[in-house]
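Next come the chains, spelled out residue by residue.
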Amino acid sequence: LAINNIIMEAKEDVPQEETKAFGIKIDGKAVAQQTHDTLKKEVEELKGTLPTDSPCLGFVLVGEREDSKLYVKMKKKACEEIGIAIKGKDFPEDATEEDVAAFVQELVADPAVHGILVQLPLPKHMNEEKILHMIGKDKDVDGLHPGNVADLVMRGKEPKFVP
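Just so it is clear, the model here is predicted, and its values are computed rather than measured. (Residues numbered from 1 in each chain as written. Predicted model: local features only at pLDDT ≥ 70, side-chain atom pairs only at ≥ 80, totals over all residues. Heavy atoms only, no water.)

## Considering the overall build of the chain
Just so we agree on the cut-off: A run of DSSP states H or I qualifies as a helix once it reaches four residues; a run of E qualifies as a strand once it reaches two. Both are numbered from the N-terminal end. Summary of the burial criterion: residues with accessible area below 20% of their type's maximum are buried, those above 50% are exposed, and those between are partly exposed, where the area comes from a 1.4 Å probe applied to protein chains only. The contact rule is simple, with two residues in contact once any of their heavy atoms fall within 4.5 Å. For the accessible areas, the method is Shrake-Rupley and the probe is 1.4 Å, while residue cover comes only from the protein chains on display.
Of regular secondary structure, the chain possesses six helices and five strands. For the chain, the sequential pattern of α-helices and β-strands runs α-β-β-α-β-α-β-α-β-α-α. When the 163 residues of the chain are sorted by exposure, 33% land in the buried category. Sequence-distant contacts in the chain: of pairs separated by 6 or more residues, those separated by 24 or more amount to 61%. A total of about 10300 Å² of accessible surface is found on the chain, and carbon and sulfur atoms cover 55% of it.

Take a look at the structure:
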């Protein structure tokens, strides 16, 4: 599900305008629709290959930041539109690091969850690095795990998720 490849392909498949000063003007709505349609098709194809009904994104949201709540809401909506299941939890700002960590471990251990998003920033009383490293390379959809960062920058390597 490499979004970068979709965008690069869009340069050929999406209506464009030549501009003298700035190169090519790409129709963003058309690219977004093409990306949506491609991802929906890929998710449908995955459904037959998984031991679960569909791919599933786990999420963790801690606190009441409006920007974070909106971002997670949009991710959930996008997942629903293309057929990705969602399993997550909203924690209050004063949640303990132990409670959040326990839920992250639950998501990590759940074979039905294929990727995990921990919405940052976490409250100041939590150790973001500790929480993020719990996820592991294979379920880290943000690409923040050191193994994914290394795979992203090393020639010949390909991370499981591209941020």
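Read on for the rest.
## Describing the nonpolar core
To keep things clear, this is the line we draw: Put simply, a nonpolar core is a bunch of buried Ala, Val, Leu, Ile, Met, Phe, Trp, Tyr and Cys residues held in one set by side-chain atoms that sit within 4.5 Å of each other.
Core analysis: the largest hydrophobic core is formed by 19 residues, its most contacted members being Val60, Val62, Phe91, Val100, Val104, Val118 and Ile131. The set of elements that each furnish at least two residues to this core consists of strand E3 (56-62), helix H4 (97-109), strand E5 (115-118) and helix H5 (128-135). With five residues, the top contributor of residues to this core is H4. Setting aside its immediate chain neighbours within four residues, valine 60 contacts Lys89, Phe91, Val100, Phe103, Val104, Leu107, Leu117, Val118 and Gln119. Core analysis: the next-biggest nonpolar cluster, separate from the first, contains ten residues, Leu39, Phe59, Ile82 and Ile84 among them.

## Some details on the side chain of threonine 35
By secondary structure assignment, the location of threonine 35 is in helix H2 (residues 28-47). The exposure class of threonine 35 is buried, given its relative accessible area of 10%.

## Some details on the packing of H4 against H5
Counted only if it meets this: To obtain each axis, a line is fitted to C-alpha atoms, and for helices this fit is confined to the stretch in contact; angles are then taken between N-to-C directions over 0 to 180 degrees. Reported orientations rely on four angle classes, namely roughly parallel under 35 degrees, roughly antiparallel over 145, roughly perpendicular from 65 to 115, and oblique for the rest. Handedness of a helix crossing follows the sense of rotation of the near helix relative to the far helix, less than a right angle counterclockwise being left-handed and clockwise being right-handed.
Running from N to C, H4 and H5 cross one another at 15 degrees; their axes reach a closest spacing of 9 Å. Viewed along their axes, H4 and H5 adopt a mutual orientation that is roughly parallel. Taken as a pair, H4 and H5 cross one another with a handedness that is right-handed. Each of Glu97, Val100, Ala101, Val104, Gln105 and Val108 in H4 lies in contact with H5, whose residues at this interface are Lys130, Ile131, Met134 and Ile135.

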